[in-house]
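Structure at a glance
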Amino acid sequence: MTVKEAAKSGGALRSLALGRAAQELGLKRGELDLAVQLGHVRTTPGGSGGPPRIDRQEVDRLRGAGGFPDALRERVRTVGTMEGAELVSISPARFTRLARTGHFTPVRFYLNRYRAVVWLYLAEELREFALAHPALLSGRTPPALRALLDVGEDRRARNWRGRRLGLLLRVTEDPWQQAAAIASVLDSATVAEVVTDPCERSHLRVLRPELVPGRPDTPAAREVVERLLLADHPDEILWHRVSLAHALREARELRPAPRPGARDEARPVRREVSVRSRPVPVAHHSGRSPHGRGLLARLRLRKKRRDAGQVGRDGRG
C-alpha cells in the first residue's frame, strides 16, 4: 500500500458514512438526517464532492453522552397532531388551532394515502411550549387567535418553509448557495424580477437545494407538494425578495456567476460548514413586514453578536 493509499484509508476509518453512523447511534436514517439538520450531529464534507460524513470522534462523543441512545432519539422524535395533542394534554382540535396560528412550527410533512398533508412536530419543542405557555392550553381561545382563525389563517406551511430555509442557510457560507436556497422558496417569475441576469438565474438553478427529499410519483401529489414549497403570502414573498437581493449583492462581490466560455474563471467555490448549534425556527407572521432587512441579514447579525460575546468572555478570562 502506498503512502497516499494509506492516508486515504486512514481518513475513511476516521469518518463514517451516514448509514453506518446511523447504525452506531441507534437511529433510523431519517432520524439521523433530522439530527444533522437540527445541529445535534456535526458532519464534515465528503471527499471529492461526495456526501457528508461523520467523524468517528463525533460518534464517540454522542455515544458517551448521558442517556444514550434514548436521549438522542428523543431529541429527534416527531409526532403528528393526535400524538402531539396527547403529549401536551389538549384536544386535537385545540392543537390544530395553535398550529394554524403559528404557535407550533412543523419540522417535516408527508402526504397520506388521500393526498392530505400530515404535519410533524418535534416532541421536545411541544413539551417546552407547554411549560412556557400553560394559559394557551386551557380555557377559551384568545380573541386575537380566534380572529385569525375566522379569516382562515394557517401558518403551518409558511413556518415550515421559514424553518427549512433557516437550516439551509446555516450549513453554507457561500453567498451563491445562500441565494439559491432563498430563491428555492420563490416562484420563477418573482426570481426573474429580482435576478434579471439570465446567467445568474441559471447558476442559482444549478445550486438550488432540495427542500424535501424526493418528490411524489403522481402529478396530483406533486402539485400538492409544489404548493407547500413556494411562498404564498405577500409579506412572506416580500421578506424573501429582500433577502434574495441582499444575498445576490454579496455573491456578486465575491465572484461573478459562470458564463458560457468562462467556466474555469468563474467556477463556484463550495464552502461547506458543519452545523454546530441548534437553529432557531424562522417564523413569518401576517402583518409583519421585513422593513428592508432580509432573513440572511438577521442570521449574520445573530452570528456577529454571538462571536462578540465569545470575545468578551475570553477577554475576561
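Up top you'll find the structure we're talking about.
1. Let's talk about the pattern of salt bridges
This structure, assessed with the given rule, holds 22 salt bridges. The shortest N-O distance in the salt bridge between E74 and R127 comes to 2.9 Å. Of the two residues, E74 sits in helix 5 (residues 70-75) while R127 sits in helix 8 (residues 123-132), which places them 53 residues apart along the sequence. What makes E74 partly exposed here is its relative accessible area of 26%. Between E153 and R158 there is a salt bridge; the shortest N-O distance is 3.2 Å. For the pair formed by E153 and R158, the shared burial category is buried. The structure contains a network of salt bridges with shared partners spanning R20, E24, R56 and D60.

2. Here we look at the sheet that holds strand 4 (residues 108-111)
Taking strand neighbours across the sheet as the criterion, the three strands line up as 3-5-4 in an open arrangement whose pairing is antiparallel. Two strands bound the open sheet, and with one partner strand each, they are strand 3 (78-79) and strand 4. Relative to strand 5 (residues 117-122), strand 3 is paired through two bridges, and the arrangement is antiparallel. Paired with T78 across the bridge in strand 5 is L122. Together, strand 3 and strand 5 form the strand contacts of helix 8, whose direction differs from that of strand 5 by roughly 70 degrees.

3. Describing the environment of R222
Of note, R222 is situated in helix 14 (residues 219-229). For R222, a relative accessible area of 34% gives the class partly exposed. When the C-alpha positions of R222 and R115 are compared, they lie 9.6 Å apart, and in sequence the two are 107 residues distant. Each residue touching R222, except ones within four places of it in the same chain, is listed here: P216 and D217. A distance of 2.5 Å separates a polar side-chain atom of R222 from the backbone oxygen of D217.

4. Focus: the packing of aromatic side chains
If you walk through the whole model with that rule in mind, you get six aromatic pairs. With a centroid separation of 5.2 Å and an interplanar angle of 80 degrees, the aromatic rings of F95 and Y121 are classed as edge-to-face. Of this pair, F95 sits in helix 7 (residues 92-100) while Y121 sits in strand 5; the two residues are 26 residues apart in sequence, bridging distant segments of the chain. Pair check on accessibility: F95 and Y121 agree, each one buried. Judged by centre distance (6.3 Å) and plane angle (70 degrees), the rings of F104 and Y121 are edge-to-face. Residue F104 is found in the loop between helix 7 and strand 4, and its partner Y121 is found in strand 5; the two are separated by 17 residues along the sequence. Residue class for F104 comes out buried when judged on its relative accessible area of 3%.

How each quantity is defined
Residues numbered from 1 in each chain as written. Predicted model: local features only at pLDDT ≥ 70, side-chain atom pairs only at ≥ 80, totals over all residues. Heavy atoms only, no water. Salt bridge = Lys/Arg side-chain N within 4 Å of Asp/Glu carboxyl O. Helix = DSSP H or I, 4+ residues; strand = E, 2+ residues; numbered from the N terminus. Buried < 20%, exposed > 50% of the residue type's maximum accessible area, 1.4 Å probe, protein only. Pairing = 2+ DSSP bridges. Contact = heavy atoms within 4.5 Å. Axes fitted to C-alpha atoms, helices over the stretch in contact; angles between N-to-C directions. Polar contact = N/O pair within 3.5 Å; in protein donor to acceptor, adjacent residues only side chain to side chain. Phe/Tyr/Trp six-rings, centres within 6.5 Å; stacked < 30°, edge-to-face > 60°.

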